[in-house]
Amino acid sequence: MSDHSTLIDAVPTDLWIGGKQVPSSSGARFPVHNPATGAILTTVADATTADGATALDEAVAVQRSWAATAPRERAEILRRAWELVIARRDDFALAMTLEMGKPLAESHGEVAYGGEFLRWFAEEAVRINGRYTSSPTGSGRILVTKQPIGPTLAITPWNFPLAMGTRKIGPALAAGCTMIVKPAAETPLTMLLLGQVFADAGLPAGVLSILPTTSASALTGPLIDDSRLRKLTFTGSTGVGKILLSQCATRVLRSSMELGGNAPFVVFDDADIDAAVDGAMAAKMRNIGEACTAANRFHVDNAVRAEFTEKLTARMSALTIGPGDESGVQVGPLITAKQRASVDELVQDAVSKGAVITTGGAIAEGEGYFYPPTVLTNVPSDARILREEVFGPVAAITAFDGEDAGVAAANDTEFGLAAYVYTSNLDRALRVSEAVESGMVGVNRGVISDVAAPFGGIKESGIGREAGSEGIEEYLETKYIALP
């Protein structure tokens with residue numbers, strides 16, 4: 001499908017419960033906007049507390065049978081879902097571009113990346129291992145087995161509407177868990193389309209429900225409080241994550257959290273500057289900068305700072321801005337007017353404290369929520385942009401002298417999701433990677449996400465890991481059986 005209206009008409013817009021579309025129990029609907037124009041794309045059903053209860057009833061009713069389904073059968077369903085996502089790649093890509101704003105080429109990249117989680121965990125479904133050993137004392141035998149944790153609630157963000165869902169759905173279904181997904185209200189269409197794909201792939205009714213809503217707490221609060229729910233997985237801001245963790249604490253509900261980031265991008269004096277600029281563009285401008293792994297703080301050794309700043313400015317200023325579905329566009333709109341205002345506020349705060357704009361730095365005129373690629377240099381240590389996640393196309397450059405100072409600058413944050421290091425010295429690369437307080441480190445690489453690698457952070461950037469062979473463990477309980 002290439003026609004926008006044809007695609008939108010084909011995307012499910014009701015709730016996805018029991019393997020089919022159902023209207024909201026209240027009959028309410030809410031609009032989904034195109035951030036490039038502000039226009040309404042369509043409306044979707046607005047889930048209520050009662051709808052959440054119905055979805056959990058469904059999940060609980062089929063949990064035992066789904067857990068008992070042969071791992072190979074679960075794997076084949078995931079594999080078919082992956083094949084269908086790839087077959088409908090054009091639909092998924094266009095839906096993401098229209099509701100989220102990213103350029104169509106990036107949306108196609110997300111289809112490939114997001115779909116791959118389904119294929120990866122299809123393969124992991126048949127590799128859930130335990131162990132059988134003799135007790136060291138000789139008094140018995142130890143049998144350790146893994147079992148699905150049970151009904152799970154997933155809360156996903158708007159910035160990667162497909163991949164943030166498949167990274168949770170894939171391992172949950174592979175492990176034998178049922179799941180309820182609450183997608184972001186800004187981008188529900190991609191996830192609803194995925195619900196249809198899973199039904200077409202033969203997923204039993206009730207195993208997966210998708211509940212868009214404008215009243216997140218009214219939907220998720222009662223679910224978290226319900227003793228039948230066994231797991232919460234959340235991707236989003238650290239602030240919201242802390243609230244959810246406090247709610248989970250009352251039930252000691254198993255949780256995994258992929259939270260905010262403030263990724264440092266450290267360029268040492270021996271770095272290949274052209275390669276560093278290439279990496280900076282990838283780390284900063286992927287997804288219009290609206291990514292938790294996006295480089296936020298560029299710490300550059302004084303010996304190479306002028307060259308790096310000049311080359312990065314030239315690259316950023318040459319980017320083409322416009323609606324993501326137009327040919328040649330490299331930078332789409334931000335998700336909302338509020339998000340754009342937040343980005344500009346951080347830029348103006350830095351400028352008011354002495355930072356210098358080398359390109360961009362002003363809200364674009366006209367329709368849509370566009371913000372130009374921006375480079376700030378001489379950013380002072382008290383600028384908010386060095387402390388807060390910018391989530392936009394802004395690179396803030398600061399200087400340091402020497403390796404120790406570079407590491408100290410990188411670690412000067414309460415976050416610890418991703419970090420990037422550029423150096424031509426292998427010893428330094430390993431030394432700095434070990435010293436940087438981050439769950440993931442890219443060495444001379446601007447893109448680090450990989451379905452085969454564990455994704456997650458430390459400090460206030462989260463709990464647990466997604467993807468890799470580690471990802472399925474988040475949906476499994478370990479049981480020890482003592483034998484004579």
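Above this note sits the structure.
These figures come from a predicted structure and were not determined experimentally.

Asks: So what exactly am I meant to see when it comes to the overall build of the chain here?
Replies: Check the secondary structure of the chain and you find 14 helices and 20 strands. Over its C-alpha atoms the chain spans a radius of gyration of 23 Å, differing by no more than 12% from the 23 Å that the globule rule assigns to 484 residues. With the C-alpha coordinates of the chain rotated into their principal frame, the extents come out at 65 × 65 × 40 Å. When the 484 residues of the chain are sorted by exposure, 56% land in the buried category.

Asks: Mind showing me how you'd approach the sheet that holds strand 5 (residues 131-134) here?
Replies: Through backbone hydrogen bonds, the strands of a sheet pair up, either in parallel or in antiparallel fashion. The three strands are arranged 5-6-20 in an open sheet whose pairing can be described as antiparallel. Looking along the sheet, the strands with just one partner apiece sit at the ends: strand 5 and strand 20 (476-483). Averaged over all neighbouring strand pairs, the angle between strand axes comes to 20°, with direction disregarded. Bridge count for strand 5 against strand 6 (residues 141-148) is four bridges, and the pairing is antiparallel. Residue pairing for strand 6: Ser-134 is matched across the bridge by Arg-141.

Asks: So what exactly am I meant to see when it comes to the pattern of salt bridges here?
Replies: Enumeration over the complete set of coordinates arrives at 26 salt bridges. In this structure, Lys-102 and Glu-110 form a salt bridge, with 2.4 Å as the shortest nitrogen-oxygen distance. Look at Glu-110 and you get buried, because its relative accessible area is 3%. Between Glu-466 and Arg-167 there is a salt bridge, and its shortest N-O distance comes to 2.9 Å. Of this pair, Glu-466 sits in the loop between strand 19 (462-463) and strand 20 while Arg-167 is found in helix 6 (residues 163-175), placing the two residues 299 residues apart along the sequence.

Asks: Which parts of the structure should I look at to understand the side chain of Ser-438?
Replies: Position of Ser-438 among the secondary structure elements: in the loop between helix 14 (426-435) and strand 18 (440-443). By relative accessible area, which is 14% here, Ser-438 ends up buried.

Asks: Mind showing me how you'd approach helix 3 (residues 71-87) here?
Replies: Side chains of residues three or four places apart in an α-helix project in the same direction, reflecting 3.6 residues per turn. Here helix 3 is 17 residues long and its end C-alpha atoms lie 24 Å apart, about the 24 Å a rise of 1.5 Å per residue gives. Buried within helix 3 we find Arg-74, Ala-75, Ile-77, Leu-78, Ala-81, Trp-82, Val-85 and Ile-86. Buried residues in helix 3 make contact with helix 2 (49-68), helix 4 (89-100), helix 5 (104-124), helix 6 and helix 7 (189-200).

Asks: How should I be thinking about the side chain of Thr-377 in this particular structure?
Replies: Along the chain, Thr-377 falls in strand 15 (residues 374-377). A polar contact is formed between the side chain of Thr-377 and the side chain of Arg-305, at a distance of 3.4 Å. For Thr-377, the contacting residues outside a window of four places in its chain are Arg-305, Thr-309, Ala-355, Val-356, Thr-358 and Ile-397.

Asks: Hey, could you run me through the packing of aromatic side chains in this one?
Replies: What describes a pair of aromatic rings is the distance from one ring centre to the other and the angle between the planes of the rings. Counted under the stated rule, the structure contains eight aromatic pairs. Plain terms: the ring middles of Trp-158 and Phe-391 are 5.6 Å apart, the flat faces sit at 90° to each other, and that makes the pair edge-to-face. Highlighted residues: Trp-158 in the loop between strand 7 (152-155) and helix 6 and Phe-391 in the loop between strand 15 and strand 16 (394-400), separated in sequence by 233 residues. Looking at Trp-158, the relative accessible area reads 15%, which means it is buried. Taken together, Phe-265, Phe-298, Phe-308, Tyr-420 and Tyr-422 form an aromatic cluster joined through their ring pairs. The residue whose ring lies beneath Lys-231 is Tyr-475, and the NZ or CZ to ring-centre distance is 5.1 Å. Just above the ring of Tyr-113 sits the side chain of Arg-286; from NZ or CZ to the centre is 5.5 Å.

Asks: What am I meant to see in the packing of helix 3 against helix 5 here?
Replies: For any two helices packed against each other, the geometry is given by the interaxial angle and the distance between the axes. Following both chains from N to C, one finds helix 3 and helix 5 inclined at 165°, their axes separated by 7 Å at the closest point. By the angle between their axes, helix 3 is roughly antiparallel relative to helix 5. In this structure, helix 3 meets helix 5 at a crossing whose hand is left-handed. Facing helix 3, whose interface residues are Ala-75, Leu-78, Arg-79, Ala-81, Trp-82, Val-85 and Ile-86, helix 5 presents Val-111, Gly-115, Glu-116, Leu-118, Arg-119, Phe-121 and Ala-122. In terms of residue class, the contact of helix 3 with helix 5 is made up of 10 nonpolar, one polar and three charged.

Asks: What is the right way to look at a nonpolar patch on the surface in this model?
Replies: Nonpolar side chains collect at one region of the surface, where Tyr-132, Ile-481 and Leu-483 lie side by side and expose about 260 Å² of accessible area between them. Relative to the helices and strands, Tyr-132 is located in strand 5. Residue classification places Tyr-132 among the exposed positions, given a relative accessible area of 52%.

Asks: What should I look at first to understand the sheet that holds strand 13 (residues 295-301) in this one?
Replies: The strand order across the open sheet built from seven strands is 14-15-16-13-12-17-18, with neighbouring strands paired in mixed fashion. With partners counted over all chains shown, the strands left at the sheet margins are strand 14 (356-359) and strand 18, one partner each. Averaged over all pairs of adjacent strands, the angle between their axes in this sheet comes to 25°, without regard to strand direction. Judged from the five bridges that link them, strand 13 and strand 16 form a sheet pairing that is parallel. Looking at the pairing, Asp-301 lines up with Phe-400 of strand 16. Taken strand by strand, helix 10 (residues 273-285) contacts strand 12 (263-267), strand 13, strand 16 and strand 17 (418-422), and its axis lies near 170° from that of strand 12. Contacts from helix 13 (residues 403-411) reach strand 12, strand 13 and strand 16, with the element oriented near 165° to strand 13.

The rules behind the values
Residues numbered from 1 in each chain as written. Predicted model: local features only at pLDDT ≥ 70, side-chain atom pairs only at ≥ 80, totals over all residues. Heavy atoms only, no water. Helix = DSSP H or I, 4+ residues; strand = E, 2+ residues; numbered from the N terminus. Rg over C-alpha atoms; globule rule 2.2 N^0.38 Å. Buried < 20%, exposed > 50% of the residue type's maximum accessible area, 1.4 Å probe, protein only. Pairing = 2+ DSSP bridges. Axes fitted to C-alpha atoms, helices over the stretch in contact; angles between N-to-C directions. Salt bridge = Lys/Arg side-chain N within 4 Å of Asp/Glu carboxyl O. Expected span 1.5 Å × (residues − 1). Contact = heavy atoms within 4.5 Å. Polar contact = N/O pair within 3.5 Å; in protein donor to acceptor, adjacent residues only side chain to side chain. Phe/Tyr/Trp six-rings, centres within 6.5 Å; stacked < 30°, edge-to-face > 60°. Lys NZ or Arg CZ within 6 Å of the ring centre and 35° of its normal. Parallel < 35°, antiparallel > 145°, perpendicular 65-115°, else oblique. Left-handed = near helix turned anticlockwise from the far one by under 90°. Nonpolar A, V, L, I, M, F, W, Y, C, P; charged D, E, K, R; others polar. Patch = residues over 30% accessible without salt bridge, like charges linked within 9 Å, V, L, I, M, F, W, Y side chains within 5 Å. Areas by Shrake-Rupley, 256 points an atom, 1.4 Å probe, with all protein chains shown as cover.

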